[in-house]
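Residue-level structural notes
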Amino acid sequence: ERVDQFLAQFIWPHKVSVSGQVSVQGHQYSVGIAHRGEPVDVHFDPTDRHLVFSDAASGQELKRRPIYGLDIVTITALSIPPAPTKQPLQLSFAF
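Residues numbered from 1 in each chain as written. Predicted model: local features only at pLDDT ≥ 70, side-chain atom pairs only at ≥ 80, totals over all residues. Heavy atoms only, no water.

**With respect to the overall build of the chain**
Counting its regular elements, the chain contains two helices and six strands. Overall, the chain shows an N-to-C arrangement of helices and strands of α-β-β-β-β-β-β-α. Burial status across the chain gives 22% buried among its 95 residues. At a minimum sequence separation of 6, the contacts of the chain that also span at least 24 residues come to 36%. When the accessible surface of the chain is totalled, it reaches about 7,400 Å², and 58% of it is carbon and sulfur. (Helix = DSSP H or I, 4+ residues; strand = E, 2+ residues; numbered from the N terminus. Buried < 20%, exposed > 50% of the residue type's maximum accessible area, 1.4 Å probe, protein only. Contact = heavy atoms within 4.5 Å. Areas by Shrake-Rupley, 256 points an atom, 1.4 Å probe, with all protein chains shown as cover.)

Written out as structure tokens, the structure reads:
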């Protein structure tokens, strides 16, 4: 929840590609080919955890897309350890 509130403070300017997409942190989000080449503002809406793409000039909302990579593993860069196996483990002792 704190991460969501933090991200909601920012607006990131972007430009729509010729294929109608915007790249945010390496993830491609479709805004629509009708908006190709246009500047857009991107902000995070914490209520539904979506990125909101708006026309930079008018502020009109163009698209809302679920955000990628907003999970504990990605944010903390920590991996979740695998579940323990039920197979016996042979320990070796030096005598």
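On we go from here.
**A few points about the pairing of strand β1 (residues 11–15)**
Within β1, only zero of the five residues are buried, leaving the element largely exposed. The pairing of β1 with strand β4 (residues 39–45) spans five bridges and is antiparallel. Across the sheet, residue Lys 15 finds its bridge partner in β4, namely Pro 39. (Pairing = 2+ DSSP bridges.)

**A look at the packing of aromatic side chains**
Applying the stated criterion across every chain yields a total of four aromatic pairs. Look at Phe 6 and Phe 10: their rings are 5.0 Å apart centre to centre, the planes differ by 70 degrees, and that puts the pair in the edge-to-face class. Plain terms: the ring middles of Tyr 29 and Phe 53 are 5.7 Å apart, the flat faces sit at 45 degrees to each other, and that makes the pair tilted. With Tyr 29 in strand β3 (residues 27–30) and Phe 53 in strand β5 (residues 50–55), this pair connects stretches of sequence that are 24 residues apart. Both residues of the pair, Tyr 29 and Phe 53, count as buried. Members of the aromatic cluster, connected to one another through ring pairs, are Phe 6, Phe 10 and Trp 12. (Phe/Tyr/Trp six-rings, centres within 6.5 Å; stacked < 30°, edge-to-face > 60°.)

**Some words on the layout of surface pockets**
Considering only enclosed or pocket space, the largest pocket measures out at about 260 Å³ in volume. The wall of the largest pocket is formed by 13 residues, among which Leu 7, Val 24, Gln 25, Ile 67 and Tyr 68 lie closest to the centre. Those elements that provide at least two residues to the lining of the largest pocket are β1 and β3. For the lining of the largest pocket, the residue count by class is nine nonpolar, four polar and no charged. (1 Å grid on protein atoms, 1.4 Å probe; cavity = no way out; pocket = protein on both sides within 12 Å on 5 of 7 lines; lining within 4 Å. Points joined across faces, edges and corners; volume = space filled by probe spheres on them. Nonpolar A, V, L, I, M, F, W, Y, C, P; charged D, E, K, R; others polar.)

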